[in-house]
Amino acid sequence: VGEGIVRVTSFSSAQPADGITVTNLRLRHTTTDVLAPYEAPGGGDQSAHRGGAVFIENATNTTVIGCHFDRTDGSGVFVSRWARDVTVASNEFSFTGSAGVIVMGACKLIDCTGGTQPHRTVIEGNFLHDGGADSLSLSLSLSLSLSVAL
């Protein structure tokens, strides 16, 4: 199975995907992201591939709940750029190749005034265990985002 089993997205933030719920799915064996293009969101040494088994961008009022991400070989859920009011709750992440959940916006230069960052993301009640070998395994990665509640 290829990367991005579920993509919640639209062509533009002016008309976002709205009111989508991904629930009670078992997502397995996505493509590894080891050799995929990576981005460094900030001035540090951490980077991430912009992709995941569930990829959310240009979307609002989106929920991922009750799913099991098993051996995804990359990230489980990736909340990208323009995303508003996303909830990732009560999921299980096991043997992920990268982070269970990544929330990562984008900036032009250093001021981040373009609005291309996730806002009001809630991550709660998830069970992450038995991660992979890379530095983001088992983790949540938050960068260039606003109002994230854990």
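You'll find the structure just up there.
What you see is a predicted model, and the numbers here were worked out from it, not measured in a lab.

Draft legend 1. Structural context of the overall build of the protein chain. Looking only at helices and strands, the protein chain has 0 helices and 15 strands in total. Residues classed as buried in the protein chain amount to 45% of the 150 residues present. Contacts spanning at least 24 positions in sequence make up 73% of the contacts within the protein chain whose residues lie at least 6 apart. Working note: accessible area of the protein chain is about 7,300 Å², and carbon and sulfur atoms make up 54% of it.

Draft legend 2. Structural context of the environment of Arg26. As for its placement among the helices and strands, Arg26 is situated in strand E4 (residues 26-28). A C-alpha to C-alpha distance of 9.9 Å links Arg26 and Asn91, two positions 65 residues apart in sequence. If we skip the residues at most four places from it in the chain, Arg26 touches His68 and Asp70. Polar side-chain contacts of Arg26 include one of 2.7 Å to the side chain of Asp70.

Draft legend 3. Structural detail: the sheet that holds strand E10 (residues 92-94). Overall, parallel pairing links the 4 strands, which are arranged E4-E7-E10-E13 in an open sheet. Edge positions in the sheet fall to E4 and strand E13 (127-129), since each has one partner strand and no second. Strand-to-strand, the axes of this sheet are offset by a mean angle of 10°, without reference to chain direction. Alignment of E10 against E13, held across 3 bridges, turns out to be parallel. Bridge pairing in E13 places Phe93 opposite Leu128.

Parameters at a glance
Residues numbered from 1 in each chain as written. Predicted model: local features only at pLDDT ≥ 70, side-chain atom pairs only at ≥ 80, totals over all residues. Heavy atoms only, no water. Helix = DSSP H or I, 4+ residues; strand = E, 2+ residues; numbered from the N terminus. Buried < 20%, exposed > 50% of the residue type's maximum accessible area, 1.4 Å probe, protein only. Contact = heavy atoms within 4.5 Å. Areas by Shrake-Rupley, 256 points an atom, 1.4 Å probe, with all protein chains shown as cover. Polar contact = N/O pair within 3.5 Å; in protein donor to acceptor, adjacent residues only side chain to side chain. Pairing = 2+ DSSP bridges. Axes fitted to C-alpha atoms, helices over the stretch in contact; angles between N-to-C directions.

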